[in-house]
Amino acid sequence: MAWPGPHTASPAELKARLELEREGVPFLVLRDGGGDQRLITLAGERLTIGRSAECDIALTWDQEVSTVHAELERVGPGWTVEDGGLSRNGSFVNGERVVERRRLADGDALRFGTTAVIYRRPGATATVPTVAASELPAAADLSAAQRAVLVALCRPFAERSSWAKPATNAEICAELVLSLDAVKGHLRVLFAKFGVDDLPQNEKRLRLAERALTSGGVTLPELRRPRA
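Because the structure is predicted, anything quoted here is derived from the model rather than measured. Residue numbers run consecutively from 1 along every chain, following the written order of its sequence. Local features in a predicted model are, by the rule used here, given only for residues with pLDDT of at least 70; side-chain atom pairs are given and counted only at 80 or more, and totals for whole chains, interfaces and linings are based on all residues. The side-chain quantities take in all heavy atoms of the structure and omit both hydrogens and water.

A.B. asks: What am I meant to see in the sheet that holds strand β1 (residues 27–31) here?
C.D. replies: Sheet strands associate in pairs through backbone hydrogen bonding, adopting either a parallel or an antiparallel arrangement. Following DSSP output, two strands are said to pair if at least two bridges run between them. Under the DSSP-based scheme used, a helix requires at least four consecutive residues in state H or I and a strand at least two consecutive residues in state E, with every element numbered from the N terminus. In spatial order, the strands read β2-β1-β11-β10-β7-β8; together these six strands make up an open sheet with antiparallel pairing. Each having just a single partner strand, β2 (37–41) and β8 (96–97) make up the two edges of the open sheet. Note that strand β10 (residues 109–112) and strand β11 (residues 115–120) share four bridges and pair antiparallel. The residue of β11 that forms the bridge with Arg111 is Ala116. Lying over the sheet, helix α1 (residues 11–23) contacts β1, β2 and β11, oriented at roughly 5 degrees with respect to β2. Note on contacts: a residue pair qualifies if any of its non-hydrogen atoms lie within 4.5 Å across the two residues. Note on method: axes are straight lines fitted to C-alpha atoms, helices fitted across the in-contact stretch only, with angles between N-to-C directions ranging 0 to 180 degrees.

Listed below in structure tokens is the structure:
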């Protein structure tokens with residue numbers, strides 16, 4: 001299934017997220033089978049996630065989600081996720097399969113079946129600070145080489161797949177016919193310009209792509225254009 005992932009959003013969808021953030025309660029961002037954004041406030045002490053309509057968070061459209069797939073549990077002010085062997089296809093946080101109960105941090109990307117979910121905990125020390133699109137660099141603020149690397153990084157998101165991941169350095173090198181050192185150098189500058197240089201290394205690329213797409217610095221039409 002292809003749809004605009006939770007990292008990309010229309011102005012109206014971003015407004016809805018910001019309004020919920022102001023309430024200061026943890027919530028999930030995901031899209032249903034029709035591609036519509038869903039914002040789910042987390043309340044209570046323990047919530048089930050699964051394909052069954054009886055689950056607290058029912059992903060009824062996703063055939064790769066088990067009847068009861070995983071559980072979310074409140075621990076102090078935050079939440080944890082646990083699979084515990086409930087699911088057939090596993091549960092993932094930031095691309096890593098959950099093998100034990102895992103504490104969630106603001107901005108974590110979860111996946112159940114083919115459904116991508118973002119965990120938000122407003123007011124926490126955010127892993128990824130919320131940045132207004134107007135504060136992010138525009139296309140004119142980037143050199144031609146920096147823009148080319150940024151577009152190549154975001155290329156896998158052209159079809160809006162929830163499975164997409166940013167391009168690797170090797171893939172960027174191959175597309176742009178650049179050396180690995182040159183690609184790394186441009187990425188270091190982009191990490192700084194988009195305010196993600198202080199994040200863990202395994203998160204920088206995804207957050208850079210997210211911010212580039214959310215701000216309009218990179219657009220889906222240009223990702224779909226034939227490569228030069």
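A.B. asks: Even after reading the chapter, I still don't get the pattern of salt bridges, so can you show me in this structure?
C.D. replies: By definition here, a salt bridge exists when the distance from a side-chain nitrogen of Lys or Arg to a carboxyl oxygen of Asp or Glu is within 4 Å. Counting across every chain of the model gives 13 salt bridges. Note that Asp32 and Arg38 form a salt bridge whose closest N and O atoms lie 3.5 Å from each other. Within the structure, one salt-bridge network assembled from shared partners comprises Arg46, Glu71, Glu73, Glu82 and Arg101.

A.B. asks: Looking at this structure, I do not really get the packing of helix α2 (residues 144–154) against helix α3 (residues 169–176). What am I missing?
C.D. replies: When two helices pack together, their arrangement is given by the angle between the helix axes and by the axis-to-axis distance. Running from amino to carboxyl end, α2 crosses α3 at an angle of 125 degrees, the nearest separation of the two axes being 9 Å. Taken as axis vectors, α2 and α3 run oblique relative to one another. The crossing of α2 and α3 is right-handed. Along its contact with α2, which presents Ala148, Val149, Ala152 and Leu153, the element α3 presents Ile172, Glu175 and Leu176. Taken together, the residues that form the contact of α2 with α3 break down as six nonpolar, no polar and one charged. In these notes the angle categories are as follows: under 35 degrees is roughly parallel, over 145 is roughly antiparallel, 65 to 115 is roughly perpendicular, and the rest is oblique. When the near helix sits turned anticlockwise from the far one by under a right angle, the crossing is termed left-handed; a clockwise turn instead gives a right-handed crossing. The residue classification treats Ala, Val, Leu, Ile, Met, Phe, Trp, Tyr, Cys and Pro as nonpolar and Asp, Glu, Lys and Arg as charged. All others, Gly included, are polar.

A.B. asks: Whenever I open this one, the confidence of the model for the protein confuses me. Can you help?
C.D. replies: The predicted coordinates of low-pLDDT regions are not to be read in fine detail. Scored between 0 and 100, pLDDT is the confidence that the predictor attaches to each residue. On average, residues of the protein carry a pLDDT of 83, and 84% of them reach 70 or more. In the predicted structure, residues 125–130 sits below a pLDDT of 50 and forms 14 contacts with residues beyond four places in sequence or in another chain.

A.B. asks: Just to check I follow, could you spell out the pairing of strand β5 (residues 70–75) for this structure?
C.D. replies: A regular strand places its side chains so that they alternate between the two faces of the sheet. Bridge count for strand β3 (residues 46–50) against β5 is four bridges, and the pairing is antiparallel. Among the inter-strand pairings, Arg46 is bridged to a residue of β5, identified as Glu73. In this structure, β5 lies alongside strand β6 (residues 78–82), joined through five bridges in antiparallel fashion. From the neighbouring strand, Glu73 faces β6, where its bridge partner is Thr80. In this antiparallel pair of consecutive strands, β5 and β6, the connection spans two residues, and Gly76 shows a positive phi of 65 degrees.

A.B. asks: In this structure, what is going on with the sheet that holds strand β4 (residues 57–58)? I would like to understand it.
C.D. replies: The five strands lie next to each other as β4-β3-β5-β6-β9, forming an open sheet whose pairing is mixed. Each edge of the sheet is formed by a strand with only one pairing partner; in this case those strands are β4 and β9 (102–103). The pairing of β6 with β9 spans two bridges and is antiparallel. Bridging across to β9, Val81 finds its partner in Arg102.

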